[in-house]
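# Commentary on secondary and tertiary structure
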Amino acid sequence: MTINEEKIYKDLQNNSFIFFKDFIERITDKDNQNEDYISNELVALSIASLQISIELALKALVLKKRGLMSLMSTQNSSKTLDELYAEFLNNSIKVLTFEKIKIFAKANNLIDSIDDDDYEIITEFQKYRNGIVHLSFNFHENDYFDLKSDIIYFAINILIKILCSCDESIKPSEFLAYNLGSEYHKRLINYRPYISAME
């Protein structure tokens, strides 16, 4: 990676962790920590934060493993990295859609720990997020019992794997502790549904 690509990568990764921390704060503050019903408000906000986090994390991962040009549409393919970096600084850079980036990551097997079933879960989670943002998605009353475990599963088995795939030089637990900071890391690892999911 060039110096400018490294700067973009760090911004993407840092922003991904901002939304992951937002999820951790919400879920540990507002949830009763039992394996039962979760409120509509907490579902909506948790899914939104996790989806934003995963989109940023996947962009960071593709950039790190394949370079900035891998995130660009064909209309940007003739631009230099310096031109793209200038657009990034001016908040005018246009990247591929999340769907295309996800397909690229899957086709190029960029995340060893994510399989086809996990990519299907990412797609389902994205549908929830799109429904919440665009249509005020209506969950059925019984969905709220399953959604808590689905959200925790997504955070642990998909988002954390993508985040940790960005730096395979250290253990995932150390990577998370460092990037979350001690307060958020402690909140996550002491959250009862998280502990249950890790057993």
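One structure accompanies this document, and this report is about it. Numbering of residues begins from 1 in every chain and follows the order in which that chain's sequence is written. This being a predicted model, a pLDDT of at least 70 is required before a residue's local features are given, and a value of 80 or more before pairs of side-chain atoms are given or counted; all residues contribute to the totals for chains, interfaces and linings. Side-chain descriptors were evaluated using all non-hydrogen atoms of the structure, hydrogens and water having been removed beforehand.

### Things to note about helix α4 (residues 98–107)
Every buried residue belonging to α4 is among F98, I101, K102 and A105, and all of these are buried. One side of α4 carries all its buried residues, which in axial view fall inside an arc of 100°. The exposed set on the far side of α4, more than 90 degrees from its buried face, consists of K100, I103 and A107. Helix and strand assignments follow DSSP, with helices taken as H or I runs no shorter than four residues and strands as E runs no shorter than two, numbered in order from the N terminus. Of the residues one or two after α4, N109 is the one with positive phi, at around 50°. For every residue, the accessible area (1.4 Å probe, protein chains only) is compared with the maximum for its type, and the residue is labelled buried under 20%, exposed over 50%, or partly exposed between those bounds. The arc in question is formed by the directions pointing from the helix axis toward the C-beta atoms.

### Topic: the side chain of E87
The residue E87 is located in helix α3 (residues 81–89) in this model. Note on contacts: a residue pair qualifies if any of its non-hydrogen atoms lie within 4.5 Å across the two residues. Ignoring sequence-local partners within four residues, the contact set of E87 consists of K79, S92 and I93.

### Side note on unusual backbone geometry
Although it is not a glycine, N91 adopts a positive phi angle of roughly 60°. The residue N91 is located in the loop between α3 and α4 in this model. Given the relative accessible area of 73%, N91 is considered exposed. Positive phi outside glycine occurs at N109, with the angle close to 50°.

### What to know about the packing of aromatic side chains
Any two of the Phe, Tyr and Trp rings considered here, Trp counted by its six-membered ring, make a pair once their centres fall within 6.5 Å; the pair's planes then place it as stacked at under 30 degrees, edge-to-face at over 60, or tilted in between. Counted under the stated rule, the structure contains four aromatic pairs. Note on F20 and F23: the rings are 6.3 Å apart at their centroids and 5° apart in plane angle, and the pair reads as stacked. Of this pair, F20 and F23 both sit in helix α1 (residues 3–30), separated by three residues, roughly a single helical turn. A relative accessible area of 1% means that F23 is categorised as buried. Put simply, the rings of F17, F20, F23 and F175 pair up and form one aromatic cluster.

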